[in-house]
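Here's the letter readout for the chains.
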Amino acid sequence: LGVWAIDRQMAQRYGYEWKEPNGVLVLRIDENGPLARTGVAPEDVIVAVNGQAVETLTDLRNTLDQYRPGDTVEIEYRSRGESHQTTVTLVEAHT
């Protein structure tokens, strides 16, 4: 996806808070990654991928690991209290 994010447990350690009851908080988006071509922005909260709930970074990773580069997934996210959906085509992760 090209995203740096934290889950609630990690966020509390570093003083981040958000009002959403679930999901992972987007901190930064790789300008060359697939998520950069969507409406997702820092401070948004990713709550699901292809209908599978995302509560932790592990959930996000495990869900994305079910797909391959070139696959298209639907991302559900919350931005300023409103629900949104977007579609991204996955690419090979950069190391």
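In short, a report on the structure. This structure is a prediction, so every number in the text was calculated from the model and none was measured.

### What to know about the environment of Gly70
And then number 1: Its location among the elements puts Gly70 in the loop between α2 (57–64) and β5 (72–79).
And then number 2: Since its relative accessible area comes to 49%, Gly70 is described here as partly exposed.
And then number 3: A sequence separation of 18 residues divides Gly70 from Val88, and the C-alpha atoms of the two residues are 9.4 Å apart.
And then number 4: Residues in contact with Gly70, not counting those within four places in the same chain, are Thr89 and Leu90.

### Some details on the pairing of strand β2 (residues 24–29)
And then number 1: Alignment of strand β1 (residues 3–7) against β2, held across five bridges, turns out to be antiparallel. By the bridge assignment for β2, Ala5 is matched with Val26.
And then number 2: With two bridges connecting them, β2 and strand β3 (residues 45–49) associate as antiparallel partners. Paired with Leu25 across the two strands is Val45, which belongs to β3.

### A few points about unusual backbone geometry
And then number 1: One non-glycine residue with positive phi stands out, namely Asn50, at about 50°.
And then number 2: Structurally, Asn50 can be placed in the loop between β3 and β4 (52–53).
And then number 3: Overall, the relative accessible area of 33% leaves Asn50 in the partly exposed class.
And then number 4: A positive phi angle, near 50°, is found at Arg80, a position not held by glycine.
And then number 5: Assessed through its relative accessible area of 84%, Arg80 is described here as exposed.

Reading guide: rules and limits
- Residues numbered from 1 in each chain as written.
- Predicted model: local features only at pLDDT ≥ 70, side-chain atom pairs only at ≥ 80, totals over all residues.
- Heavy atoms only, no water.
- Helix = DSSP H or I, 4+ residues; strand = E, 2+ residues; numbered from the N terminus.
- Buried < 20%, exposed > 50% of the residue type's maximum accessible area, 1.4 Å probe, protein only.
- Contact = heavy atoms within 4.5 Å.
- Pairing = 2+ DSSP bridges.

These figures come from the coordinates and say nothing about function on their own.
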